[in-house]
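# Structural overview
The primary structure of each chain is shown beneath.
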Amino acid sequence: MNARAHQLKVREVISETADAVSLIFDIPTDLTPRFSYSPGQYLTLRVPSDRTTSVARCYSLSSSPHCDDRPAVTVKRTPGGYASNWLCDNVSPGDVLTVLEPAGNFIPRTWTNDLLLCAAGSGITPIISILKSALTLGRANVVLLYANRDRASVIFAPQLHQLLRRHPRRLTVTHWLESDRGLPTSRAIATWARPYRRHDVYLCGPAGFASTVKQGLNQLRVPDRAIHQEQYRSLTDNPFEHHTPVTTPAETPPAGAATVRVDIDGETHTLPWPRTEKLLDVLLAHGIDAPYVCHESACATCVCAVKHGRTRMLQNESLIEEELAQGLTLACQTLPESDDVHIAFDQ
Ligand SMILES: Cc1cc2nc3c(=O)[nH]c(=O)nc-3n(C[C@H](O)[C@H](O)[C@H](O)COP(=O)(O)OP(=O)(O)OC[C@H]3O[C@@H](n4cnc5c(N)ncnc54)[C@H](O)[C@@H]3O)c2cc1C
């Protein structure tokens, strides 16, 4: 079993709408440090299955570490989906689920800038965590565009109403209901967003919504590389059923291997890094408990910083240009370019 997987008791199940539930977890004292999280991060839940033993699915934390006592995720049924329906139908208070430690990179690095938050449907989950945190921690203004099919499908409507009453000057919420106005167009987004075009943008929703919002913001000269986006999808890999190491290290490293120094979990390891092996695989092969979920560059769980040396990524579905400029990389896709590389996790 993955060393970052833990048994958590579900304390409460809240029915948010007809097809969405929030699961609130109890965190035992000894696991508190491991389950500390940042707004915008997610948990990965193990969902049992007769067919495949289990599936792994990511769910963004809808709670805020800055205003909620316990972590919560919010699951919306995907029509025809397996895990989301299983979770909505089967989980009761007192049940124990296997959960990976918080992960993800969809995290505001500062609370001083004004925020433009765009969400559709269940995409509200990480967005509401960021929104609550920004209102609690900073003084910045927060603008939310929240698209839904109709009034009944608006998750967190009462919470948002309360927050608006508490922060009337700092929080602006625009609900976009498809039942009233049809789907948003890029032109309408551009008109609506013009006053907020210099805000930091965080976006989460289905692909069609996300590309409309991006096109609208592009019309206001906000480039894609400045838009932080969380993309939902189901994992094809299953980190709960993997038994690391994925590969075993060669007894003698191949000639020409680079050398990598890795800071992780308060320890430093120095290892040979064969030129064609991805950093994550090298770490796992040496029994180092590096964080990962998808192995496909999509989840950003294995994000780390290149402190020295040069590397390249084979694929990148998660990091935006600003993050690449800060030297961040995804261990699951990273190969060495220079002879000596220094990598740090835990940024
Ligand atoms: C970073 C991140 C954050 C996310 N946050 C949220 C969130 O906050 N809220 C939210 O609702 N969603 C969130 N998601 C999406 C979520 O992880 C799932 O993708 C979503 O719930 C759909 O999963 P599903 O299994 O219901 O549907 P699908 O993945 O569409 O289910 C179908 C799949 O399940 C397989 N399957 C069907 N039956 C079985 C069976 N019996 N056993 C095994 N496999 C079977 C099929 O082969 C098929 O591959 C997030 C995703 C990511 C990556």
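These lines cover the structure that appears in this document, whether it is placed above or below. (Residues numbered from 1 in each chain as written. Predicted model: local features only at pLDDT ≥ 70, side-chain atom pairs only at ≥ 80, totals over all residues. Heavy atoms only, no water.)

### Here's the deal with unusual backbone geometry
One non-glycine residue, Arg-221, lies in the positive phi region at around 70°. Structurally, Arg-221 is set in the loop between α6 (207-219) and β11 (227-230). Since its relative accessible area comes to 77%, Arg-221 is described here as exposed. Even without being a glycine, Ala-300 presents a positive backbone phi close to 65°. Tracing the sequence through the fold places Ala-300 in the loop between α7 (279-285) and β14 (303-308). With relative accessibility at 5%, the residue Ala-300 sits in the buried group. (Helix = DSSP H or I, 4+ residues; strand = E, 2+ residues; numbered from the N terminus. Buried < 20%, exposed > 50% of the residue type's maximum accessible area, 1.4 Å probe, protein only.)

### Things to note about the nonpolar core
One broad trend across soluble globular proteins is that nonpolar side chains are buried collectively. Core analysis: the biggest nonpolar cluster contains 28 residues, and Val-260, Leu-279, Leu-283, Ile-343 and Phe-345 have the highest contact counts within it. Contributions of two or more residues to this core are made by β12 (258-264), β13 (267-273), α7, β14, β16 (328-330) and β18 (340-344). With five residues, the single largest contributor to this core is α7. Ignoring any residue separated from it by four or fewer positions in sequence, one finds Ile-343 in contact with Val-260, Arg-261, Val-262, Asp-263, Leu-279, Cys-304, Ala-305 and Val-306. In terms of nonpolar packing, the next biggest core, distinct from the first, is built from 26 residues, Leu-117, Ile-124, Leu-177 and Cys-204 among them. (Core = buried A, V, L, I, M, F, W, Y, C linked by side-chain atoms within 4.5 Å. Contact = heavy atoms within 4.5 Å.)

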